[in-house]
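# Structure at a glance
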Amino acid sequence: MMDINEIKEYLPQRYPFLLVDRVLELTLGESIVAIKNVTGNENHFNGHFPGLPIMPGVLIIEAMAQAAGILGFKTLDKKPSEGSIYMFAGVDNARFKRQVVPGDQLILKAQYVSDKKGLWKFDCQAYVEDKLACSATILCIDRQR
């Protein structure tokens, strides 16, 4: 398990763009399970949509990419403070199956697929309870700052 303080060691994002609150499971080089608590006071709900707050799909994808980034950083035993940065390089086959609203807890899952020349590929899913909210194949690239 990783709490928010350890997560901050492996992700360069900070509030309001840090979208992983806790890591529940992590198997190096294989998979990660993390959570994002969705709260009504997040700024994007002011405009998406007034009177019908729905978490934007791009932020769900970003949350999955951040979980995948933690898996990559931990697997490589690297940290942003050491000059390494894991950047979002692409998304394929994104599908949205249900809305995510304040009060939901997103369960973020990422499974390592492959890596070539610093480009890592992950199969990712986001669930609310046991219902699939989003799935995508996410590409991240490991770069030095």
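Cut-off values and rules
- Residues numbered from 1 in each chain as written.
- Predicted model: local features only at pLDDT ≥ 70, side-chain atom pairs only at ≥ 80, totals over all residues.
- Heavy atoms only, no water.
- UniProt positions renumbered as here; feature names shortened; annotations may be inferred.
- Pairing = 2+ DSSP bridges.
- Helix = DSSP H or I, 4+ residues; strand = E, 2+ residues; numbered from the N terminus.
- Axes fitted to C-alpha atoms, helices over the stretch in contact; angles between N-to-C directions.
- Contact = heavy atoms within 4.5 Å.
- Buried < 20%, exposed > 50% of the residue type's maximum accessible area, 1.4 Å probe, protein only.

Going by the annotation in an unreviewed UniProt entry, the name recorded for the chain is 3-hydroxyacyl-[acyl-carrier-protein] dehydratase FabZ, with Zhongshania marina given as the source organism. Recorded under Function (unreviewed entry), the UniProt text for the chain is reproduced unchanged: "Involved in unsaturated fatty acids biosynthesis. Catalyzes the dehydration of short chain beta-hydroxyacyl-ACPs and long chain saturated and unsaturated beta-hydroxyacyl-ACPs." Quoted verbatim from the Sequence similarities (unreviewed entry) heading of the UniProt record, the comment on the chain is "Belongs to the thioester dehydratase family. FabZ subfamily."

### Quick look at the sheet that holds strand E3 (residues 84–96)
Overall, antiparallel pairing links the six strands, which are arranged E1-E2-E4-E5-E6-E3 in an open sheet. The open sheet is flanked by strand E1 (22–27) and E3, the only strands paired with a single partner. Taking the axes of each pair of neighbouring strands and ignoring which way they run, one obtains an average angle of 25° across the sheet. Summarising the sheet, strand E5 (residues 119–128) and strand E6 (residues 131–144) pair through 10 bridges and their orientation is antiparallel. Note that in E6 the partner of tyrosine 127 across the bridge is leucine 132. The strands touched by helix H2 (residues 57–76) are E1, strand E2 (31–37), E3, strand E4 (105–116), E5 and E6; relative to E3, the strand with the most contacts, the crossing angle is about 135°.

### Things to note about the UniProt feature "active site" (unreviewed entry) in the chain
The sites that carry the UniProt feature "active site" (unreviewed entry) are, in the present numbering, His48. As for its position among the elements, histidine 48 is in the loop between E2 and H2. Its relative accessible area of 23% is what places histidine 48 among the partly exposed residues.

### Topic: the pairing of E5
Alignment of E4 against E5, held across 10 bridges, turns out to be antiparallel. In the strand pairing of E5, aspartate 115 is matched with tryptophan 120. As consecutive antiparallel partners, E4 and E5 are separated by two residues, and within that stretch lysine 117 has a phi angle of approximately 50°, a positive value. Linking E5 back to E6 in an antiparallel pair, the connection comprises two residues, with glutamate 129 at a positive phi of about 55°.

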